Amino acid sequence: QVQLVESGGGLVQAGGSLRLSCAASGRTFSSYGMGWFRQAPGKKREFVAGITKSGGVGNYPDSVRGRFTISRDNAKNTVYLQMNSLKPEDTAVYYCAADYRAQSWVVHVSGDDYDYWGQGTQVTVSS
């Protein structure tokens with residue numbers, strides 16, 4: 001079992017930046033592939049970034065590629081999401097998730113493949 005706690009959300013103007021953090025406790029952090037998802041009101045949950053267990057590979061959808069960067073520090077049991085050039089359409093609750101079953105080189109993009117979830121942190125981008 002692993003517990004995930006997100007932080008770093010808030011209100012930012014369009015074009016600004018935020019850095020989300022997700023602190024993990026419990027089982028060995030490096031055993032998990034990690035992902036960030038978001039969900040806006042009335043919309044489906046959306047994958048925004050994922051990283052392999054070692055941190056060597058990241059994966060992003062077109063909607064955020066080039067603006068968002070996922071990274072992890074296995075020594076600190078933390079995964080980060082650096083978000084730059086934010087747009088109003090990035091407004092959502094952002095969740096981090098842990099994927100225990102992923103092979104070491106794989107980043108899953110479906111939330112159904114993730115085993116543990118944080119409580120979420122709100123990101124609001126004003127125009």
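Everything below is about the structure shown above.
Description of the environment of Q1
Positionally, Q1 belongs in the segment before β1 (2-7). Using a relative accessible area of 56% as the deciding quantity, one classes Q1 as exposed. Between the C-alpha atom of Q1 and that of W105, which follows or precedes it by 104 residues, the distance is 22 Å. Leaving out residues up to four positions away in the same chain, Q1 has contacts with S25, G26, R27, Y32 and Y116.

Remarks on the sheet that holds β1
In any sheet, the strands associate via hydrogen bonds between backbone groups, in a parallel or an antiparallel arrangement. Ordered by their spatial adjacency, four strands build an open sheet running β1-β3-β8-β7, and the pairing between neighbours is antiparallel. Strands at the two margins of the open sheet, each flanked by one partner only, are β1 and β7 (68-73). When the angles between neighbouring strand axes are averaged without regard to direction, this sheet yields 15°. Sheet topology note: the β1/strand β3 (residues 18-26) ladder contains six bridges and is antiparallel. Across the sheet, the residue bridging to E6 is C22, located in β3.

A short note on the nonpolar core
By size, the foremost hydrophobic cluster in this structure holds 29 residues, and its most contacted members are M34, W36, L81, M83 and Y94. Of all the secondary-structure elements, those providing two or more residues to this core are β1, β3, β4 (33-39), β5 (46-51), β7, β8 (78-83), β9 (92-99) and β11 (121-126). Every residue in contact with M34, bar those within four places of it in the chain, is listed here: L4, C22, F29, A49, G50, I51, I70, R72, V79, A97, A98 and Y114.

Definitions and limits used
Residues numbered from 1 in each chain as written. Predicted model: local features only at pLDDT ≥ 70, side-chain atom pairs only at ≥ 80, totals over all residues. Heavy atoms only, no water. Helix = DSSP H or I, 4+ residues; strand = E, 2+ residues; numbered from the N terminus. Buried < 20%, exposed > 50% of the residue type's maximum accessible area, 1.4 Å probe, protein only. Contact = heavy atoms within 4.5 Å. Pairing = 2+ DSSP bridges. Axes fitted to C-alpha atoms, helices over the stretch in contact; angles between N-to-C directions. Core = buried A, V, L, I, M, F, W, Y, C linked by side-chain atoms within 4.5 Å.

Keep in mind that these numbers describe shape and distance, not what the molecule does.
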